[in-house]
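# Secondary and tertiary structure notes
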Amino acid sequence: MGITYRIYLDMEQHQYHKIYACSKCKSHLTTAQRLISKDFHGLHGKAYLFDKVVNVKVSNEQEERIMTTGRHCISFIACANCERDLGWKYVRAYEPDQKYKEGKYILEKCSLRMLNSPIS
Ligand SMILES: [Zn+2]
C-alpha cells in the first residue's frame, strides 16, 4: 500500500514554530515540540528521540538490537516520500527503565533538516 499524500504540519499550532523535515526532500516529519531528547546515537552519529512523527514508512520487519541501554526490538523507518532512511521506531524495550521509549521514534540528525519558516 503506497502513501501518495504528504502531511504538512500546521506550525501555527506549535509554540516553537520549528519543524524537522527530511534532509533530502523536505517532507515534514515532526516538530520541536515532539522532541524528547537529543542525547541519542543512531547508526550515523547523533540522533534525536521524538514521540510522534508523520510522513514515514515503518518497516514490517522487526529486529532485536542490543544497545548500550539494553535489549530493544525496533523497526526501521524511512521517508514516505523519497525513501531516505531516517532511523527507527522502538517497538519494545525489555529493560523496565527503558520502557518510555516504546512507540517512540529515533531520527538520525544527518537525515534531518530544520525548517523555521512556513512553506509557501
Ligand atoms: Zn524524504
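All of the points below concern the structure found in this document. (Residues numbered from 1 in each chain as written. Predicted model: local features only at pLDDT ≥ 70, side-chain atom pairs only at ≥ 80, totals over all residues. Heavy atoms only, no water.)

Here we come to the pairing of strand β3 (residues 35–42). Relative to strand β4 (residues 45–50), β3 is paired through five bridges, and the arrangement is antiparallel. Within β4, the residue paired with F40 across the bridge is A47. Counted along the chain from β3 to the antiparallel partner β4, the turn is two residues long. (Pairing = 2+ DSSP bridges. Helix = DSSP H or I, 4+ residues; strand = E, 2+ residues; numbered from the N terminus.)

A separate point is unusual backbone geometry. The residue K26 is not glycine, and still its phi comes out positive at about 65 degrees. Residue position: K26 is located in the loop between β1 (19–22) and β2 (28–31). The phi angle at E83 is positive, at roughly 70 degrees, despite the residue not being glycine. With respect to the element layout, E83 can be found in the loop between β7 (70–79) and β8 (85–93).

Sheet architecture is open: three strands sit in the order β2-β1-β10, paired in antiparallel fashion. Edge strands, defined here as strands with exactly one partner in the open sheet, are β2 and β10 (112–115). Within this sheet the neighbouring strands show an average axis-to-axis angle of 35 degrees, counted without direction. (Axes fitted to C-alpha atoms, helices over the stretch in contact; angles between N-to-C directions.)

Moving on: the coordination of the zinc ion. For the zinc ion, every protein donor is listed as C22 (SG), C25 (SG), C79 (SG) and C82 (SG), and the spread of their distances is 2.3 Å. Classification of the site at the zinc ion rests on its four donor atoms, whose angles at the metal span 103 to 115 degrees, yielding the label tetrahedral. Counting along the primary sequence, the residues that act as donors to the zinc ion give the motif C-x2-C-x53-C-x2-C. C82 matches C79 in its accessibility class, with the two residues each being buried. (Donors = N, O, S within 2.8 Å, 3.2 Å for Na, K, Ca; no water. Tetrahedral: all angles 85-135°; square planar, octahedral: opposite > 155°, others 65-115°. Buried < 20%, exposed > 50% of the residue type's maximum accessible area, 1.4 Å probe, protein only.)

The subject of this paragraph is the pattern of salt bridges. Under the criterion given, the structure shown has five salt bridges. When the shortest N-O distance is used, the salt bridge between E63 and R65 registers 3.2 Å. Accessibility expressed as a relative area gives 29% for R65, which makes it partly exposed. Among the ionic pairs, E64 bridges to R71, the shortest N-O distance being 3.0 Å. For E64, a relative accessible area of 43% corresponds to the partly exposed category. On the accessibility criterion, R71 (36% relative accessible area) is partly exposed. (Salt bridge = Lys/Arg side-chain N within 4 Å of Asp/Glu carboxyl O.)

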